[in-house]
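# Understanding the architecture of this molecule
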Protein chains: 2
Amino acid sequence: MKRDLIPPPVVWRLSLYLRELQMLAGEGVEKISSRKLAAGLHTTDAQVRKDLACFGQFGRPGVGYHVAELIQRIREILKTDKVRPVVVVGAGDLGRALLRHKGFIEKGFSLVAAFDVSARLVGKTAGDVTVRHIDELREFLQKSDIRLAVLAVPPQAAQDVCNLLCESGIQGILNFAPISISAPKSVTVRPVDLTAELEQLSFHVPTQ
Amino acid sequence: MKRDLIPPPVVWRLSLYLRELQMLAGEGVEKISSRKLAAGLHTTDAQVRKDLACFGQFGRPGVGYHVAELIQRIREILKTDKVRPVVVVGAGDLGRALLRHKGFIEKGFSLVAAFDVSARLVGKTAGDVTVRHIDELREFLQKSDIRLAVLAVPPQAAQDVCNLLCESGIQGILNFAPISISAPKSVTVRPVDLTAELEQLSFHVPTQ
DNA sequence: TAGATTGTTAATCGATTAACAATC
DNA sequence: TAGATTGTTAATCGATTAACAATC
């Protein structure tokens, strides 16, 4: 399982392929060529084939790829073929918006619990869960086998909460706090910075 | 202004540098070397210098960079030195969470209006704005000079709303809908897929 | 079979890293 | 001056694209 030598851009495109394939499956498409799969995304047939070749041989020359099979294979690679539980820390506007979002489950994620420090938020319901106090987080995680967390706390709190999550057995953190946080090498931290995304857009759009 | 030949990774790191510099400025730091700036982010001093060199000479040998000046320069490059107005289309959970978010303004963005089709949402207040009906969108944009939009509608509606935005003069769209949308070449579309972000995390975290 | 399309190798392209003379 | 640090060039590394024999 030499997973770490897969180039990050390849893993990213796996998510794009999966999304496209799931849409195609919804339209009843059963098989697809690398060329047609590439057409919807902004890439090429060679890229698609090269990417998939990192993980095995999934297609048939002259035929293409079987949509349902390829979906299954990619989900296995991304480890989303079985639903993975996720905790949300920080139940402010963004945290609660994520908790209410309906689309995660069919993609293989279930937001199973939420935590916050604020008395104003503890006890509130969002999506399927009731917000708990963050003091309960450690014990909750130690009794479970949850490995993924969404961090949606203010930047000042982010590093402390990150430390707590790492100590409690979390191995992957999606960090929405606009600050760079550190974690042990065994823990993957993936930053998401919505302001930075807007800045990238701004760069490409003239003013005035 | 040969902006289009700047490598995308460089523009992305500009946002990271800016965030770090703004934090340093908040701590009262006045000058900084490329080495120290790189240390916080996950990059190197050579990378920092090379990136900045795309835009001019901002530092002084033996001294480093002046924090406040570099902040100003990067904001000019990203065009966020003056506040840019942004419309939000789709006032569901995510759209409203973004509207309530306090952090955009000091980064140079102001969410000035929100639109939705749903009678349930029109008239609701979120952040500083009241949600309008999407039928008002075209006229609203034609009377203004707003060039940036956040698209937070369901995937089935995304392409139609994108078309409407493009026809109304929008030149940059941050697309949260989990679907690939097409726009004229003159319009920049930047996709943000939160599920895909979770998938990337999942890939790196073992199951069981 | 003929046409289509894969998996894979080789060639190209672009981005990062290292090194260092110039300069404060 | 001596030490620090820039801007920039050259070397390395990694990712994308093109091409094609193998195969359905």
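### A word on the protein's contact with DNA strand D
- Around DNA strand D sit 24 residues, and of these Arg 13 of chain A together with Ser 34, Arg 49, Gly 59 and Tyr 65 of chain B come closest.
- At the protein interface, 63% of the atoms of DNA strand D within 4 Å belong to sugar or phosphate.
- At 2.9 Å from a phosphate oxygen of DNA strand D is found a side-chain nitrogen or oxygen belonging to Arg 13 of chain A.
- Within the side chain of Gln 57 of chain B, one N or O atom sits 3.0 Å away from a sugar or linking oxygen of DNA strand D.
- Put simply, the parts of the chain that give the surface near DNA strand D at least two residues each are helix 1 (8–26) and helix 3 (45–53) of chain A together with helix 3 (45–53), strand 2 (59–60) and strand 3 (64–66) of chain B.
- Partitioned by chemical class, the residues of the surface near DNA strand D number eight nonpolar, nine polar and seven charged.

### With respect to the interface of chain A and chain B
- The interface of chain A with chain B comprises 58 residues on the first partner and 59 residues on the second.
- At the junction of chain A and chain B, the tally comes to seven salt bridges.
- In this structure, Arg 19 of chain B and Asp 193 of chain A form a salt bridge, with 2.9 Å as the shortest nitrogen-oxygen distance.
- Counting the contacts that link chain A with chain B gives 28 residue pairs in polar contact (both at pLDDT 80 or more).
- Of all the secondary-structure elements, those providing two or more residues to the side of chain A that touches chain B are helix 1, helix 4 (67–78), helix 5 (93–100), strand 8 (148–151), strand 9 (172–175), strand 10 (188–191) and helix 8 (194–204) of chain A.
- The dominant element in the side of chain A that touches chain B, judged by the number of residues it contributes, is helix 8 of chain A, at eleven residues.

### Let's talk about helix 8 (residues 194–204) of chain B
- The buried fraction of helix 8 of chain B is high, at ten of eleven residues.
- Looking at where helix 8 of chain B begins, the residue whose side-chain oxygen comes 3.0 Å from the main-chain nitrogen of Thr 195 of chain B is Asp 193 of chain B.

### Brief notes about the packing of aromatic side chains
- The final tally for this structure, using the stated rule, is two aromatic pairs over all chains.
- Arranged with centres 5.4 Å apart and planes meeting at 65 degrees, the rings of Phe 115 of chain A and Phe 140 of chain A form a pair that is edge-to-face. Here Phe 115 of chain A is found in strand 5 (residues 109–116), whereas its partner Phe 140 of chain A is found in helix 6 (residues 137–143), with 25 residues between them in sequence. Comparing Phe 115 of chain A with Phe 140 of chain A shows no difference in burial state: the two are buried.
- When the ring centre of Phe 203 of chain B is taken as origin, the NZ or CZ atom of Lys 79 of chain A, which lies over that ring, is 5.3 Å away.

### Some details on the side chain of Glu 199 of chain B
- By the secondary structure assignment, Glu 199 of chain B is in helix 8.
- Buried within the structure, Glu 199 of chain B lacks any salt-bridge partner; its nearest side chain of opposite charge belongs to Lys 107 of chain A, at an N-O separation of 4.0 Å.
- Discounting chain neighbours no more than four positions away, the residues touching Glu 199 of chain B are Ser 15, Leu 18, Leu 78, Thr 80, Lys 107 and Phe 109 of chain A.

### Observations regarding the pattern of salt bridges
- Scanning all chains against the criterion turns up 19 salt bridges over all chains.
- Asp 93 of chain A is the salt-bridge partner of Arg 100 of chain B, the closest N and O atoms lying 3.3 Å from each other. Residue Arg 100 of chain B is found in helix 5 (residues 93–100), and its partner Asp 93 of chain A is found in helix 5; the two belong to separate chains.
- Ionic contacts of the salt-bridge type, sharing partners, join the residues Asp 93 and Arg 96 of chain A together with Arg 100 of chain B into one network.

### Re the environment of Pro 178 of chain B
- By the secondary structure assignment, Pro 178 of chain B is in the loop between strand 9 (172–175) and strand 10 (188–191).
- Ignoring sequence-local partners within four residues, the contact set of Pro 178 of chain B consists of Arg 19 of chain A together with Pro 155 and Asp 193 of chain B.

### Section: the sheet that holds strand 3 (residues 64–66) of chain A
All names here are of chain A.
- Pairing within the open sheet is antiparallel, and its three strands lie in the order 1-3-2. The open sheet terminates on both sides in strands that have one partner only, identified here as strand 1 (31–32) and strand 2 (59–60).
- Bridging between strand 2 and strand 3 involves two bridges; their strand directions are antiparallel. In the strand pairing of strand 3, Arg 60 is matched with Gly 64.

### Re the environment of Leu 121 of chain A
All names here are of chain A.
- Inspection of the secondary structure puts Leu 121 in the loop between strand 5 and strand 6 (125–126).
- Each C-alpha atom of the pair Leu 121 and Arg 132 lies 8.4 Å from the other, and the pair is eleven residues apart in sequence.
- If sequence neighbours within four positions are ignored, Leu 121 has contacts with Ala 91, Gly 92, Arg 96, Asp 116 and Val 131.

### A short note on the packing of helix 1 (residues 8–26) of chain B against helix 4 (residues 67–78) of chain B
Residue and element names in this part refer to chain B.
- Running from amino to carboxyl end, helix 1 crosses helix 4 at an angle of 145 degrees, the nearest separation of the two axes being 9 Å. Helix-helix and strand crossings are classified by hand; for helix 1 and helix 4 the assignment is left-handed. Taking contact as the criterion, the partners of Val 11, Leu 14, Ser 15, Tyr 17, Leu 18, Leu 21, Gln 22 and Ala 25 in helix 1 are, on helix 4, Val 67, Leu 70, Ile 71, Ile 74, Arg 75, Ile 77 and Leu 78.

### Notes on the state of the cysteines
- For the structure shown, the criterion picks out zero disulfides over all chains.
- Between Cys 162 of chain A, a cysteine without a disulfide, and Cys 166 of chain A, which holds the nearest cysteine sulfur, the sulfur-to-sulfur distance is 4.0 Å.

### Overview of the nonpolar core
- Val 150 of chain A together with Val 150 of chain B are the most contacted members of the largest nonpolar core, which has 42 residues in total.
- Residues in contact with Val 150 of chain B, not counting those within four places in the same chain, are Leu 198 of chain A together with Val 86, Val 87, Val 88, Val 89, Leu 98, Leu 174 and Phe 176 of chain B.

### Let's talk about the protein's contact with DNA strand C
- For DNA strand C, the set of nearby residues contains 24 residues, the closest of which are Ser 34, Arg 49, Gly 59 and Tyr 65 of chain A together with Arg 13 of chain B.
- Of all atoms in DNA strand C that approach within 4 Å of the protein, 64% are sugar or phosphate atoms.
- Phe 58 of chain A is positioned with one of its backbone polar atoms (N or O) 3.1 Å from a phosphate oxygen of DNA strand C.
- Mapped by element, the contributors of at least two residues to the surface near DNA strand C are helix 3, strand 2 and strand 3 of chain A together with helix 1 and helix 3 of chain B.

The rules behind the values
Residues numbered from 1 in each chain as written. Chains lettered and ligands numbered in written order. Predicted model: local features only at pLDDT ≥ 70, side-chain atom pairs only at ≥ 80, totals over all residues. Heavy atoms only, no water. Near = heavy atom within 4 Å. Polar contact = N/O pair within 3.5 Å; in protein donor to acceptor, adjacent residues only side chain to side chain. Helix = DSSP H or I, 4+ residues; strand = E, 2+ residues; numbered from the N terminus. Nonpolar A, V, L, I, M, F, W, Y, C, P; charged D, E, K, R; others polar. Contact = heavy atoms within 4.5 Å. Salt bridge = Lys/Arg side-chain N within 4 Å of Asp/Glu carboxyl O. Buried < 20%, exposed > 50% of the residue type's maximum accessible area, 1.4 Å probe, protein only. Phe/Tyr/Trp six-rings, centres within 6.5 Å; stacked < 30°, edge-to-face > 60°. Lys NZ or Arg CZ within 6 Å of the ring centre and 35° of its normal. Lys, Arg positive; Asp, Glu negative; His and termini not counted. Pairing = 2+ DSSP bridges. Axes fitted to C-alpha atoms, helices over the stretch in contact; angles between N-to-C directions. Left-handed = near helix turned anticlockwise from the far one by under 90°. Disulfide = S-S within 2.5 Å. Core = buried A, V, L, I, M, F, W, Y, C linked by side-chain atoms within 4.5 Å.

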